[in-house]
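The primary structure of each chain is shown beneath.
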Amino acid sequence: MKKLFFALPGNEKLMDLLLQKQDGEKGKVEIHQFPDGETYVRILSDVKDKEVILVCTLHEPDSKLLAVYFLAKTAKELGAKSISLVAPYLAYMRQDKVFNPGEALSSTYFARLISSFIDTLITIDPHLHRRSSLSEIYTIPTRLGHAADHISTWIKNNIDRPLLIGPDSESEQWVSEIAKNAEAPYVVLTKIRHDDVNVTVSVPHVDKYKEYTPILIDDIISTGHTMIETIKHLKIVGMKPPICIGIHAVFAGNSFEEIKNSGAKEIISCNTIPHESNRIDISDLLIV
Ligand code: R5P
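Anyway, here's the lowdown on the structure attached to this text. (Residues numbered from 1 in each chain as written. Predicted model: local features only at pLDDT ≥ 70, side-chain atom pairs only at ≥ 80, totals over all residues. Heavy atoms only, no water.)

1. So, the overall build of the protein
Next, step 1: Check the secondary structure of the protein and you find 7 helices and 16 strands.
Next, step 2: Scaling as 2.2 N^0.38, a compact globule of 288 residues should have a C-alpha radius of gyration of about 19 Å, and the protein matches this with 20 Å.
Next, step 3: In terms of overall dimensions, the protein has C-alpha extents of about 65 × 45 × 35 Å along its principal axes.
Next, step 4: Taking all 288 residues of the protein together, 51% fall into the buried category.
Next, step 5: Long-range pairs, those at least 24 residues apart, make up 63% of the contacts in the protein between residues at least 6 apart in sequence.
Next, step 6: Of the roughly 13700 Å² of accessible surface on the protein, 49% is carried by carbon and sulfur atoms.
Next, step 7: Between the mean site of the 32 positive side-chain charges and the mean site of the 38 negative ones, the protein shows a separation of 2 Å. (Helix = DSSP H or I, 4+ residues; strand = E, 2+ residues; numbered from the N terminus. Rg over C-alpha atoms; globule rule 2.2 N^0.38 Å. Buried < 20%, exposed > 50% of the residue type's maximum accessible area, 1.4 Å probe, protein only. Contact = heavy atoms within 4.5 Å. Areas by Shrake-Rupley, 256 points an atom, 1.4 Å probe, with all protein chains shown as cover. Lys, Arg positive; Asp, Glu negative; His and termini not counted. Charge placed at Lys NZ, Arg CZ, Asp CG, Glu CD.)

In structure tokens:
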């Protein structure tokens, strides 16, 4: 049975990459905002008995989720056999704990909401920090791809004498794996997050790596403060300007410019979120 792919606005390029790698057809859908800001969705293809794949990365999720919901519900109403969501960036994974009394445990609620109208979720390196698996919060089958090998290959092909740097202990899981495959040394820093935007990092002894190219690796680059703070410290200890690699190019506000201005030599990301920094194609990890 042919799969029918629908790209939510902004995800057309990723859908085309997916369709170059597997059998499937493009579904036709109309999505627009009414003048009052509400969302209009109309499916124009025959979805009856088909496996429907919705392609929608979920950064800035609040403005995207209703269209995904309406599309999924309409497809089911019209007889679709199943609905899979390809969301290479999965939002709301960082609020995985009630830090202050009264806070919403958003990652759990978001997972329950998605699980209530999607049959299968496919994503890339979700931010699993205090949780070890998506099945702790998602009640539907989920499939994860890992960008580590793609990043190692990019480093091997492009960088001479790389030193990989993880900004915090959470990053060790992927930095160590990337370093192993890139045959490069790595160090992990200590980060203290004070609030949404303020972080401090400490850099361990890196004297013996002065001739290396530092490569900062993080799963998400959002406000950029983790990268900026780390760059500041690398400068102080006399390291070369670093290359910053993020799996997910969230880049809130002006953070991309701010990281560039803070002294990064280059900023690179995987194409889980469309952005000018996308250099590493991970679409083969999203084949359904
Ligand atoms: C933290 O838990 C993540 O792994 C990243 O370090 C964090 O999301 C980066 O955020 P920002 O760019 O806002 O410092």
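After that view of the structure, there is still more to cover.
2. What to know about the sheet that holds strand S10 (residues 186-188)
Next, step 1: As summarised here, the arrangement of the 6 strands in space is S10-S9-S13-S14-S15-S16, forming an open sheet in which the pairing is parallel. Where the open sheet ends on each side, the last strands, each with one partner, are S10 and strand S16 (278-280). Taking each pair of neighbouring strands and ignoring which way they run, the sheet shows an average axis angle of 35°.
Next, step 2: Two elements, strand S15 (residues 266-270) and S16, share 2 bridges in a ladder whose sense is parallel. Its bridge partner being in S16, Ser269 is matched across the sheet by Asn278. (Pairing = 2+ DSSP bridges. Axes fitted to C-alpha atoms, helices over the stretch in contact; angles between N-to-C directions.)

3. Things to note about the site of the ligand
Next, step 1: Of all residues adjacent to the ligand, which total 15 residues, the nearest are Arg94, Asp218, Asp219, Thr223 and Thr226.
Next, step 2: Within the side chain of Arg94, an N or O atom sits 2.6 Å from an oxygen atom of the ligand.
Next, step 3: Summarising the interface, the protein chains cover 95% of the accessible area of the ligand, which totals 380 Å² for the free molecule.
Next, step 4: At a threshold of 2 Å from the grid points, most atoms of the ligand map onto the largest pocket.
Next, step 5: When contributions to the shell around the ligand are tallied by element, the ones reaching two or more residues are strand S11 (190-193), strand S13 (213-221) and helix H6 (225-236).
Next, step 6: Ranked by residue count, the leading element in the shell around the ligand is S13, at 4 residues.
Next, step 7: Among the residues forming the shell around the ligand, the class breakdown is 2 nonpolar, 6 polar and 7 charged. (Near = heavy atom within 4 Å. Polar contact = N/O pair within 3.5 Å; in protein donor to acceptor, adjacent residues only side chain to side chain. 1 Å grid on protein atoms, 1.4 Å probe; cavity = no way out; pocket = protein on both sides within 12 Å on 5 of 7 lines; lining within 4 Å. Sits in = over half its atoms within 2 Å of the grid points. Nonpolar A, V, L, I, M, F, W, Y, C, P; charged D, E, K, R; others polar.)

4. As for the sheet that holds strand S6 (residues 82-86)
The strands making up a sheet associate through backbone hydrogen bonding, with each pair oriented either parallel or antiparallel.
Next, step 1: Spatial ordering of the open sheet is given by S2-S1-S5-S6-S7-S8, a layout of 6 strands whose pairing is parallel. The sheet is open, and its two borders are formed by strand S2 (25-26) and strand S8 (142-145), each paired with just one other strand.
Next, step 2: Strand direction decides the pairing type here: strand S1 (residues 3-7) and S2, joined by 2 bridges, are parallel. Bridge pairing links Leu4 to Glu25 in S2.
Next, step 3: The strands touched by helix H1 (residues 12-21) within the sheet are S1, S2, strand S5 (51-55) and S6, with S1 carrying the most contacts at an inclination of about 160°.

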